[in-house]
Structures are given as structure tokens and as C-alpha cells.
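Report on the structure
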Amino acid sequence: MPDANSFNEQCYALLMQIPSGKLVTYGDIAHALKGKAYQAVGNAMAANPNPIIVPCHRVVKSNGEVGNYSLGVDKKIALLRAEGIEIDNNQILNFDTVRFRFTP
DNA sequence: ATGTTGACCTAGA
DNA sequence: CTCTAGGCCAACA
């Protein structure tokens, strides 16, 4: 059992700040943690401890692609579309519009 | 400790 | 557009 203040726990806390219909990138999370641990963020998502409590599906790549998901990319796209996000060919449409910015 | 991999990012050519 | 190089963090062998 890792500490509740561990790196991945911080990522989950940030994810829960994301409102419905918005997304963030792995880099945004890493930057919010004062670091560049992009891969560590992805690794924390891959651990996927609570896919229901933590909206891991609201995290996409910085280039606007959907990226990957533990339950499958198709499932991820379906969840995002259900929140009103338009996706085409694994690419986020109106990416700058649906992008969420963390607030201190 | 060392090396590799990973739901990655940025910059340069 | 593709490709290469460098970077940072966590987990595993």
C-alpha cells in the first residue's frame, strides 16, 4: 500500500477535478504536479485502481489523439462521446474548446 | 543499484 | 507529414 500522497494518488485527485465534457492531457497533469512525469502519469492510469471513482477516460494525448485506455480505446471514445465530446478517427474535435485547465 | 518498458511530451531535422 | 534525440517519473526484472 503506497502513501495517499504518492505520485499516482495526486494524479487521481487531479482527474476528479475535471468536469464532465472536458479533457486534459498527460502533460497537463504532469505539469500540475510540478514535473514532467508524463509517462508516470500514464503508468498511474494503467494501474487503474478505480475506473469508476476516477475518470481516467478524460485524459488524452497532447497532440489531440485519444490515446489508450485499459478497457479499450473504443470504450474510452464511447464514454467521452457520452459527455458531449466529438471524436473522429481517434482524434479529439474542438480540442482547445473542451480542454480543461487546472485551478489552484 | 542497473536496464528496460510504459495509456508520454517537446524540439529539431 | 515522418523520424530522431533528449528528457522525466514509476514499476518491474
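The notes below deal with the structure included here. (Residues numbered from 1 in each chain as written. Chains lettered and ligands numbered in written order. Predicted model: local features only at pLDDT ≥ 70, side-chain atom pairs only at ≥ 80, totals over all residues. Heavy atoms only, no water.)

**Brief notes about the protein's contact with DNA strand B**
- Close to DNA strand B lie 16 residues; Tyr 26, Gln 39, Met 45, Ser 62 and Asn 68 are nearest.
- Take the atoms of DNA strand B that sit within 4 Å of the protein: sugar and phosphate atoms are 43% of them.
- Contact between DNA strand B and Gln 39: a base oxygen at 2.4 Å from a side-chain N or O atom of the residue.
- Met 45 is positioned such that a nitrogen or oxygen atom in its backbone is 2.7 Å from a base nitrogen of DNA strand B.
- Listed by contribution, the elements that provide at least two residues to the surface near DNA strand B are α2 (26-32) and α3 (38-47).
- Broken down by element, the surface near DNA strand B gets its largest block of residues, seven residues, from α3. (Near = heavy atom within 4 Å. Polar contact = N/O pair within 3.5 Å; in protein donor to acceptor, adjacent residues only side chain to side chain. Helix = DSSP H or I, 4+ residues; strand = E, 2+ residues; numbered from the N terminus.)

**Structural notes on the protein's contact with DNA strand C**
- Around DNA strand C lies a shell formed by Phe 7, Asn 8, Lys 36, Ala 37, Tyr 38, Ala 40 and Asn 43.
- Within the side chain of Asn 43, a nitrogen or oxygen atom sits 3.2 Å from a base nitrogen of DNA strand C.
- At the level of elements, α1 (7-15) and α3 are the ones that each hand at least two residues to the surface near DNA strand C.
- Across the surface near DNA strand C, the residue classes break down as four nonpolar, two polar and one charged. (Nonpolar A, V, L, I, M, F, W, Y, C, P; charged D, E, K, R; others polar.)

**What to know about the packing of α1 against α3**
- For the pair α1 and α3, interaxial distance at closest approach is 9 Å and the crossing angle is 80°. The angle between α1 and α3 falls in the class roughly perpendicular. Contacts between α1 and α3 pair Phe 7, Asn 8, Cys 11, Tyr 12 and Leu 15 from the former with Ala 40, Val 41, Ala 44, Met 45 and Ala 47 from the latter. (Axes fitted to C-alpha atoms, helices over the stretch in contact; angles between N-to-C directions. Parallel < 35°, antiparallel > 145°, perpendicular 65-115°, else oblique. Contact = heavy atoms within 4.5 Å.)

**Focus on the environment of Pro 51**
- Within the secondary structure, Pro 51 sits in the loop between α3 and β2 (59-60).
- When the C-alpha atoms of Pro 51 and Leu 23 are compared, they prove to be 16 Å apart, with 28 residues separating the residues in sequence.

**Here's the deal with a nonpolar patch on the surface**
- On the surface, a nonpolar cluster with roughly 360 Å² of combined accessible area is contributed by Met 16, Ile 52 and Ile 53.
- Examined against the element boundaries, Met 16 turns out to sit in the loop between α1 and β1 (24-25).
- By relative accessible area, Met 16 is classed as partly exposed at 47%. (Patch = residues over 30% accessible without salt bridge, like charges linked within 9 Å, V, L, I, M, F, W, Y side chains within 5 Å. Areas by Shrake-Rupley, 256 points an atom, 1.4 Å probe, with all protein chains shown as cover. Salt bridge = Lys/Arg side-chain N within 4 Å of Asp/Glu carboxyl O. Buried < 20%, exposed > 50% of the residue type's maximum accessible area, 1.4 Å probe, protein only.)

**Description of the packing of aromatic side chains**
- Summed over the entire model, instances satisfying the criterion amount to one aromatic pair.
- Between Phe 100 and Phe 102, the ring centres sit 5.6 Å apart and the planes meet at 85°, which makes this aromatic pair edge-to-face.
- Looking at Phe 100, the relative accessible area reads 15%, which means it is buried. (Phe/Tyr/Trp six-rings, centres within 6.5 Å; stacked < 30°, edge-to-face > 60°.)

**Some points on the side chain of Arg 58**
- In this structure, Arg 58 sits in the loop between α3 and β2.
- A polar contact is formed between the side chain of Arg 58 and the backbone oxygen of Ile 18, at a distance of 2.7 Å.
- Leave out the neighbours within four places in its chain, and Arg 58 touches Ile 18, Pro 19, Ser 20, Lys 22, Leu 23, Val 24, Leu 80 and Glu 83.

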